[in-house]
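Below, each chain spelled out in residue letters.
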Amino acid sequence: MQDIDWTFFSPAAEIGPGEERGTYRVQARTFLTDADGHSRISYADYGAAFVEELETNAHPREIITAAY
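Residues numbered from 1 in each chain as written. Predicted model: local features only at pLDDT ≥ 70, side-chain atom pairs only at ≥ 80, totals over all residues. Heavy atoms only, no water.

1. Let's talk about the side chain of His 59
Examined against the element boundaries, His 59 turns out to sit in the loop between helix H1 (43-56) and strand S5 (63-67). On the basis of relative accessibility, which here comes to 17%, the residue His 59 falls in the buried class. (Helix = DSSP H or I, 4+ residues; strand = E, 2+ residues; numbered from the N terminus. Buried < 20%, exposed > 50% of the residue type's maximum accessible area, 1.4 Å probe, protein only.)

Now the structure itself:
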């Protein structure tokens, strides 16, 4: 179906409570980790990344993730 515009937004491997840093990475088709090999994000930053994607539609028809 070419007429459906979709994006699958997936959180980091570890998502939970924590401070809002205001910085995160969003990338398509890649498992994101930090320098120590951890894939994590807070609920607040995941929410911000999700809203940013809704507003910008930067990754149409892609599977993306957000993490630190």
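2. A look at the confidence of the model for the protein chain
With 99% of its residues at a pLDDT of at least 70, the protein chain reaches an overall mean of 95. Confidence, expressed as mean pLDDT per element, reaches its minimum in the protein chain at strand S1 (residues 8-11) with 94 and its maximum at strand S4 (residues 40-42) with 98. (pLDDT = per-residue confidence, 0-100.)

3. Some remarks on the environment of Arg 25
Inspection of the secondary structure puts Arg 25 in strand S3 (residues 25-28). Using a relative accessible area of 35% as the deciding quantity, one classes Arg 25 as partly exposed. In contact with Arg 25, not counting residues within four places along its chain, are Leu 32, Thr 33, Asp 34, Thr 65, Ala 66, Ala 67 and Tyr 68. Of note is the side chain of Arg 25, whose polar atom sits 2.8 Å from the backbone oxygen of Thr 33. (Contact = heavy atoms within 4.5 Å. Polar contact = N/O pair within 3.5 Å; in protein donor to acceptor, adjacent residues only side chain to side chain.)

4. Brief notes about the nonpolar core
Within the largest apolar cluster, 11 residues are counted, these being Phe 9, Ala 12, Ala 28, Leu 32, Ile 41, Tyr 46, Ala 49, Ile 64, Ala 66, Ala 67 and Tyr 68. If you list the elements that add at least two residues to this core, you get H1 and S5. In this view, Ile 64 contacts Thr 7, Phe 8, Phe 9, Ser 10, Val 26, Gln 27, Ala 28, Glu 53 and His 59; residues no more than four positions away in its chain are not counted. (Core = buried A, V, L, I, M, F, W, Y, C linked by side-chain atoms within 4.5 Å.)

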